Each structure stands twice: as structure tokens, then as C-alpha cells.
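Examination of the molecular architecture
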Amino acid sequence: MVSLTENLVAPAEQLTDASDLKQYVQLVVSTAPVIDVHTHLFPPEFDGLFLHGIDDLLNYHYLVAEFFRSTKLSHAAFWKLTKNQRADLVWQSMFVDNTPLSEAACGIVCILEAFGLDTRARNLTEARAFFSSQELHEHFDRVMELASVSDVVMTNDPLNEREINLWNRGKQLDPRFHASLRLDRLVNEWPESMFIPALRGFDLDSKLGHRAITGLRRFLDECIARLEPLYMGLSLPPEFMFPADDFRDRLLREVVMPTAREHSLPLAVMVGVRRGVNPALRTAGDGVGRADITSLERMCADNPEVRLLVTVLSRENQHELCVSARKFNNLMPFGCWWFVNNPSIVAEITRERLEMLGPSFIPQHSDACVLEHLISKWSQSRKVIAKALSERYEQLLQAGRSVTSAEIRRDVNRLFSENFREWVGLSATDGERN
Ligand code: RAT
Ligand code: ZN
């Protein structure tokens, strides 16, 4: 990982030439270590959950959704195939019979290229041989290095028995991995969620009586003690309202927010996903809807001592979110999520955030599901962020203020790491929470 302190330009040197400035910003942004604040990755020791290699990459739901636009195969027939058979089909259709023009497809090309593999291969023989010959831990280190990712935040579902069993094995976690406690099922699916085995023994009742609330608080306390998450997380549908007369509202007010306050744990809210729009697509079947940002504002106003990390899925909500962040300094916008993680939209969102919030936001997360996504997603994001940032510095220059190389590095460090570290209380030296 190239250090940002590397003395390529003297720290106090003012960059007064627009093309030097652009080049320097590009260099700094392309190499700066980044904390990936929201992923679906697991460390290699989480057997079965650690996804990597060409077959997992080609089974990524972003690609699967697109594959069905160019095939006559039925969904049912596709899901009957093995993972490798599905990967073969996706490759043939999207990379051999068609040009991989989409962002998700182009990402695969970027990954193959990073490892010197044939991006025009007729089949997956070479790629499979390469990935299966890699020692997992070495490969993991290499990917982190190539992507210049210093830390990865996982998405950990405390109701997922398989995952909890892995945590219970008590293995030492790679210090670059951090947990986040995902509360979707608990909060969005009550009262059905009370029957999930992980919640047995917590004295629950469907109406959420006093004992149930105490039981759920105890459950979260225990999860926090075991996983030491950096934040709690929740995705929400576009129709989410706050306040509301429903179980979700009570769970938020009586369980989640008090837990956030007691443990000084931020809450990440990800708003605008319509789950299961086309169930036949399985994990690829979710859609998007425009959310009510005033509900988020009311959450911020009612809980001034809770730090919220917020991302919204609809392009139409992005500008409103910037305005809300200007009103509530307990709201930290983060990332360009899922359907808005496309260069054209990332460029637009990053520009408006820089214009409206300066360096006080978290520009991107990868949402990587498969290890090597870190390479493709960060490579693309860095290009777009560098461009947006250069434009701001150029504006400054034209307005009459040059910047120094040290200032550029400071800004990038803040955007890529420090804003998150400060928000969640993660120290830079030892990976420990403050
Ligand atoms: O972007 C994605 O991978 C989605 O499928 C979701 O996982 C989403 O990011 C989420 O965290 O709910
Ligand atoms: Zn996600």
C-alpha cells in the first residue's frame, strides 16, 4: 500500500497549475488506504460464508439480474443448475456472446485483468485454475493490497444460526475485519422474527410487552458483547415512516435507540429497498423506491445523541439527503448504494455532496459480496471520486485559493477513513474501538 505521506510533492507546495493538481489528486485518491464501511464479506476462516473466485463472482446477483435480459432460460431452470454451471452460462452469455458493457460485467473484466487473466477467454478453465491454486490467506492479502483497502466492515446477522455458530467457535478475527450488527429481520419482520431459534429464551411475546422489550435489549447486549460491532445496521423500505403506529417504530424507539445510546453505537440506516419485487430472481429480485426523507429528519431530531450513518437507494433522494445532513450533524451520509453505484450516478452524487457538505461525508463503500469485488469496485469509485474532487480544487483555484499537497492528502484521508473512524470511535493505531 503506497503511503499517503510519501513525499512525491513537498507537503507545503501549492499546486497552482490545474493539470498538476489533477494529476496529484488522482495519485492520492488512487492509492489512499480506505475503510470499506459496508460490505458483505467474511474472513477466510468463516467457512462457507467467505466467497471468492470466478464462480462466486459470476453468481453475483447484480450479474444474474442482467443475465436474464439476454437469455430465454427460465428462472426455475437456472436455479436448478449448480453454481459452476450457472457461472458458465453467465460467462457465455454476457462475456462471449455479448460485450460486457454494464458496470457489473465490466467489474469482472477489471478483476481478471488485475490478475493477468485472459479477459476474452472462451470459457472459465484458466480463471478457475488460477483462483483454485491460490493460498487463501495470501490471496486475501493480495486483494486488500491491490484494492488499497485497510479495513473491511462485515454485515453480521445475529439471527443467522450458521453465522452465529462460526462466531461461537471463538476464532481470533483478522484485525482488518470489523463487525456490524444487522437488524433487518428483527426490526422489519416482527412478530414473525420472534420464532427464529436465536431468539429462544428471551421471554418474547408478539405484542412486545415489557418483558419482551427487556428480553430483546438483553439479546442485543449479548450480541454486542460477542461481536463488538462498529455500528448497528438496518435497511428500510421506501414507505418507511417515522413516527409510525407499527412494531417497527416500537422496536426502534424501545430497543434499538436505547441500545445505541447505552453502547454509544451508531445506527446505519439504508432506505429505499423494495424487497422481493420479483421473487423468481431470488437475491437479484429486489427493487428501489423513493423514500420519505422527512422521516429520517424526525429520527435525527428525536435522537440527537445517536449518530446515524445514512445511505439512500433512490437517485431522487440523494439531494434531499444532503440538505438533511446540513440540518442534522448527527447524520453522516455514506456511500452510493447498490443501484446508484454506477459511475454516472456516483459522479453526480459525489459532486453534490462535495458542493453541499465539503469533506464531511463518507463518499463510498463497496457492498462487496465476493472478495475480489474490492478490486473492481474501488478502482471504479476512486476514478470518479478523484475527478469530482479535482473539480472542486479547480473551482477553488479559480476563486483565488490554491491548495497544498498536504491539504489534499488530509482531505482524502478524512473522506476515506477519518470521518468513519471518528463516527464509530475506531482508533487508527490498533483497530480498537475508543
Ligand atoms: O448491494 C447489495 O449487495 C444488496 O444486495 C444488499 O445486500 C444491500 O447492500 C444490503 O445491504 O441490504
Ligand atoms: Zn449491502
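Quick note: structure is the one above.
Computed from a predicted model, the values in this text were never measured in an experiment.

Definitions and cut-offs
- Residues numbered from 1 in each chain as written.
- Chains lettered and ligands numbered in written order.
- Predicted model: local features only at pLDDT ≥ 70, side-chain atom pairs only at ≥ 80, totals over all residues.
- Heavy atoms only, no water.
- Phe/Tyr/Trp six-rings, centres within 6.5 Å; stacked < 30°, edge-to-face > 60°.
- Buried < 20%, exposed > 50% of the residue type's maximum accessible area, 1.4 Å probe, protein only.
- Pairing = 2+ DSSP bridges.
- Helix = DSSP H or I, 4+ residues; strand = E, 2+ residues; numbered from the N terminus.
- Contact = heavy atoms within 4.5 Å.
- Axes fitted to C-alpha atoms, helices over the stretch in contact; angles between N-to-C directions.
- Near = heavy atom within 4 Å.
- Polar contact = N/O pair within 3.5 Å; in protein donor to acceptor, adjacent residues only side chain to side chain.
- Areas by Shrake-Rupley, 256 points an atom, 1.4 Å probe, with all protein chains shown as cover.
- Nonpolar A, V, L, I, M, F, W, Y, C, P; charged D, E, K, R; others polar.
- Salt bridge = Lys/Arg side-chain N within 4 Å of Asp/Glu carboxyl O.
- Donors = N, O, S within 2.8 Å, 3.2 Å for Na, K, Ca; no water.

1. Section: the packing of aromatic side chains
- The full count for this structure, using the stated rule, is 17 aromatic pairs.
- Between the aromatic rings of F67 and F68, the centroid separation amounts to 5.3 Å while the plane-to-plane angle is 65°, which identifies the pairing as edge-to-face. Neither F67 nor F68 differs from the other in exposure class; each is buried.
- Residues F68 and F78 carry aromatic rings whose centres are separated by 5.2 Å and whose planes lie at 75° to one another, so their mutual orientation is edge-to-face.

2. With respect to the sheet that holds strand 3 (residues 149-153)
- Strand order in the open sheet made by the three strands is 2-3-4, with parallel pairing throughout. Only two strands of the sheet have a single partner each, and these edge strands are strand 2 (34-36) and strand 4 (177-178).
- In terms of strand pairing, strand 3 meets strand 4 through two bridges, oriented parallel. Looking at the pairing, V153 lines up with H178 of strand 4.
- Lying on the sheet, helix 8 (residues 136-147) is in contact with strand 3 and strand 4; it crosses strand 3 at an angle near 110°.
- Together, strand 2 and strand 3 form the strand contacts of helix 17 (residues 405-424), whose direction differs from that of strand 2 by roughly 55°.

3. Concerning the site of ligand 1
- If you check the shell around ligand 1, you find H38, H40, H61, Y62, R182, M270, R275, W337, W338, D367 and C369 and nothing else.
- One of the side-chain N or O atoms of H40 is found 2.9 Å from an oxygen atom in ligand 1.
- R275 places a polar side-chain atom, nitrogen or oxygen, 2.9 Å from an oxygen atom of ligand 1.
- Considered on its own, ligand 1 offers 300 Å² of accessible surface; in the complex 92% of this is hidden by protein.
- Of the residues in the shell around ligand 1, the class split is five nonpolar, three polar and three charged.

4. Considering the pattern of salt bridges
- Scanning the model with the defined rule gives 26 salt bridges in all.
- Where D157 meets R185, a salt bridge forms, and the shortest distance between an N and an O atom there is 3.3 Å. Linking D157 in the loop between strand 3 and helix 9 (161-168) with R185 in helix 10 (residues 184-188), this pair joins segments that are 28 residues apart in sequence.
- By relative accessible area, which is 29% here, R185 ends up partly exposed.
- One salt-bridge network, in which partners are shared between bridges, spans R182, D184, R275 and D286.

5. Considerations on the coordination of the zinc ion (ligand 2)
- Those protein atoms acting as donors to the zinc ion (ligand 2) are H38 (NE2), H40 (NE2) and D367 (OD), and they sit at 2.0 to 2.1 Å.
- Motif for the zinc ion (ligand 2), donor spacing along one chain: H-x1-H-x326-D. With H38 in the loop between strand 2 and helix 2 (53-58) and D367 in the loop between helix 15 (343-357) and helix 16 (373-399), this residue pair connects regions lying 329 residues apart in the sequence. The same class applies to H38 as to D367, namely buried.

The quantities given are spatial measurements derived from coordinates; they are silent on function.
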